[in-house]
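Results of the structural survey
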Amino acid sequence: MNDEVLQAADAVVAAFGEGRLDDYFAAFAPDATFVFHNTSERLNSTAEYRALWDRWVAEDAFRVLACASTDRLVQLLGDAAGVHPSGEDHGEHHGR
């Protein structure tokens, strides 16, 4: 199962880094939850995350330039798994 999880994680990272937002968001369950260091609240669905993303784009001219994932840790949790990577992503806000 680790290989399947890593392949799925690689697909998410590739979609994110290449700006394929429909593919990126489709990789998450509709009821997935998200926590980011730069937000004060937990996002309780993929739709909430997509709405926040769209707000970042509209208000901050946010865009992803590249993303790489390394040193991935896979934790199997029954028929689910968590992937905890290290890595880098490069983006810009307001053209910087």
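See the structure printed just above.
Since the model is a prediction, treat every value here as computed from it, not as a measurement.

1. With respect to the packing of aromatic side chains
- Evaluation of the coordinates by the stated rule reveals 18 aromatic pairs.
- With centroids separated by 5.1 Å and ring planes inclined at 85°, the aromatic side chains of F28 and F34 adopt a geometry described as edge-to-face.
- Residue class for F28 comes out partly exposed when judged on its relative accessible area of 24%.
- Judged by relative accessible area, which is 9%, F34 ranks as buried.
- Here F36 and W56 contribute two aromatic rings whose centre-to-centre distance is 5.9 Å and whose plane-to-plane angle is 80°, an arrangement assigned as edge-to-face. Here F36 is found in the loop between α2 (21-26) and α3 (46-60), whereas its partner W56 is found in helix α3, with 20 residues between them in sequence.

2. What about helix α1 (residues 2-17)?
- In a regular helix each residue adds 1.5 Å, so 16 residues correspond to 22 Å; α1 covers 22 Å between its end C-alpha atoms and thus fits that length.
- Those residues of α1 that sit buried are V5, A9, V12, A15, F16 and G17.
- G19 lies just past α1 and shows a positive phi near 70°.

The rules behind these values
Residues numbered from 1 in each chain as written. Predicted model: local features only at pLDDT ≥ 70, side-chain atom pairs only at ≥ 80, totals over all residues. Heavy atoms only, no water. Phe/Tyr/Trp six-rings, centres within 6.5 Å; stacked < 30°, edge-to-face > 60°. Buried < 20%, exposed > 50% of the residue type's maximum accessible area, 1.4 Å probe, protein only. Helix = DSSP H or I, 4+ residues; strand = E, 2+ residues; numbered from the N terminus. Expected span 1.5 Å × (residues − 1).

Read these as layout, nothing more, since geometry by itself doesn't imply function.
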